[in-house]
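# Tertiary structure, described
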Amino acid sequence: IILAVILASVGIATNTIKAHAGIVPTVAIIDTGYDASVSQFANKIVYEQCYSSFAPTCPNGKTTMSGPGSAVLSSFLSAVPGAGHGSEMLSGEILTNPNIKFVYIRAFTIETKPALVVAPYDSDIPTILNWIAANASTYNIQAVSMSFARPVVGACPTNTSIVSSVAKLQALNIPVFAGAGNDGN
């Protein structure tokens, strides 16, 4: 349900932007990565980044990578349970508005032995959001969609760095959609 709400919200926001400005909107997705073999993704990604702080699992074997192929998951990584979430988000957003383009930021560390998907560190999120703010006009970024979950006991703590980074995007009139709780937690 949360995924549907996010997709509908991003779709409404980007359809409205397109209708008013006569431009093709770009959504920045922060997620696990995507499967480049999916035909509907062709010509949809305008820029890619990878941040993998937990371990050097970006396609170049390092903890960061920029440019073509940075967010692509190999067939081995795509097979790791949970790693396909980013492709699901991308598919859903394309179905919501086939005219959308994407900046795709892979923010998860994904390993095959053992099969492991690790969400980004809280300290990585402001770096990623600040990069989006700094490059919003270059890539015509009109919305941010991020979805990652991790176990939390009690109330989620406020991270002032993330709050500040989101405020920068809001000042640029870029909405940030953050989904969590797909497992009901």
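For the structure itself, consult the block above.
Residues numbered from 1 in each chain as written. Predicted model: local features only at pLDDT ≥ 70, side-chain atom pairs only at ≥ 80, totals over all residues. Heavy atoms only, no water.

A word on the pairing of strand S4 (residues 101-106). Within S4, 5 of the 6 residues are buried, leaving the element largely enclosed by the surrounding structure. Pairing analysis gives 6 bridges linking strand S1 (residues 26-31) to S4, with the strands arranged parallel. By the bridge assignment for S4, Ile-30 is matched with Ile-105. Two strands pair when backbone bridges link them, and strand S2 (residues 45-51) and S4 are joined in this way by 5 bridges, in the parallel orientation. Within S4, the residue paired with Ile-45 across the bridge is Phe-102. (Buried < 20%, exposed > 50% of the residue type's maximum accessible area, 1.4 Å probe, protein only. Helix = DSSP H or I, 4+ residues; strand = E, 2+ residues; numbered from the N terminus. Pairing = 2+ DSSP bridges.)

Further remarks concern the environment of Ala-119. Considering the arrangement of structural elements, one finds Ala-119 in the loop between strand S6 (115-118) and helix H4 (124-139). For Ala-119, a relative accessible area of 18% gives the class buried. Along the sequence, Ala-119 and Ser-53 sit 66 residues apart, while their C-alpha atoms lie 9.5 Å from each other.

Here we come to the packing of aromatic side chains. In total, this model carries 5 aromatic pairs according to the counting rule given. With a centroid separation of 5.3 Å and an interplanar angle of 45 degrees, the aromatic rings of Tyr-34 and Tyr-104 are classed as tilted. Separated by 70 residues along the polypeptide, Tyr-34 in the loop between S1 and S2 and Tyr-104 in strand S4 bring together distant segments of the chain. Since its relative accessible area comes to 6%, Tyr-34 is described here as buried. According to the relative accessible area criterion, Tyr-104 is buried, its value standing at 0%. Between the aromatic rings of Tyr-47 and Trp-131, the centroid separation amounts to 5.5 Å while the plane-to-plane angle is 15 degrees, which identifies the pairing as stacked. Linking Tyr-47 in strand S2 with Trp-131 in helix H4, this pair joins segments that are 84 residues apart in sequence. Every member of this aromatic cluster is reached through a ring pair, and the members are Tyr-34, Phe-41 and Tyr-104. (Phe/Tyr/Trp six-rings, centres within 6.5 Å; stacked < 30°, edge-to-face > 60°.)

Let's shift gears to the state of the cysteines. The final tally for this structure, using the stated rule, is 1 disulfide. One disulfide in the model links Cys-50 with Cys-58; its S-S distance is 2.2 Å. Every disulfide takes its handedness from the sign of the S-S torsion; for Cys-50 and Cys-58 that torsion is -90 degrees, giving left-handed. In this pair, the class of Cys-50 matches that of Cys-58, namely buried. (Disulfide = S-S within 2.5 Å.)

One recurring pattern in soluble globular proteins is that nonpolar side chains are buried together. Grouped together as the largest cluster of nonpolar side chains are 29 residues, with contacts concentrated most on Ile-30, Ile-105, Leu-129, Ile-132 and Val-144. Mapped onto this core, the elements with two or more residues apiece are S1, S4, H4, strand S7 (141-147) and helix H5 (160-171). Sort the elements by how many residues they give to this core and H4 lands first, with 8 residues. Counting 13 residues, the second largest nonpolar core, distinct from the first, contains Leu-90, Ile-94, Ala-143 and Phe-177. (Core = buried A, V, L, I, M, F, W, Y, C linked by side-chain atoms within 4.5 Å.)

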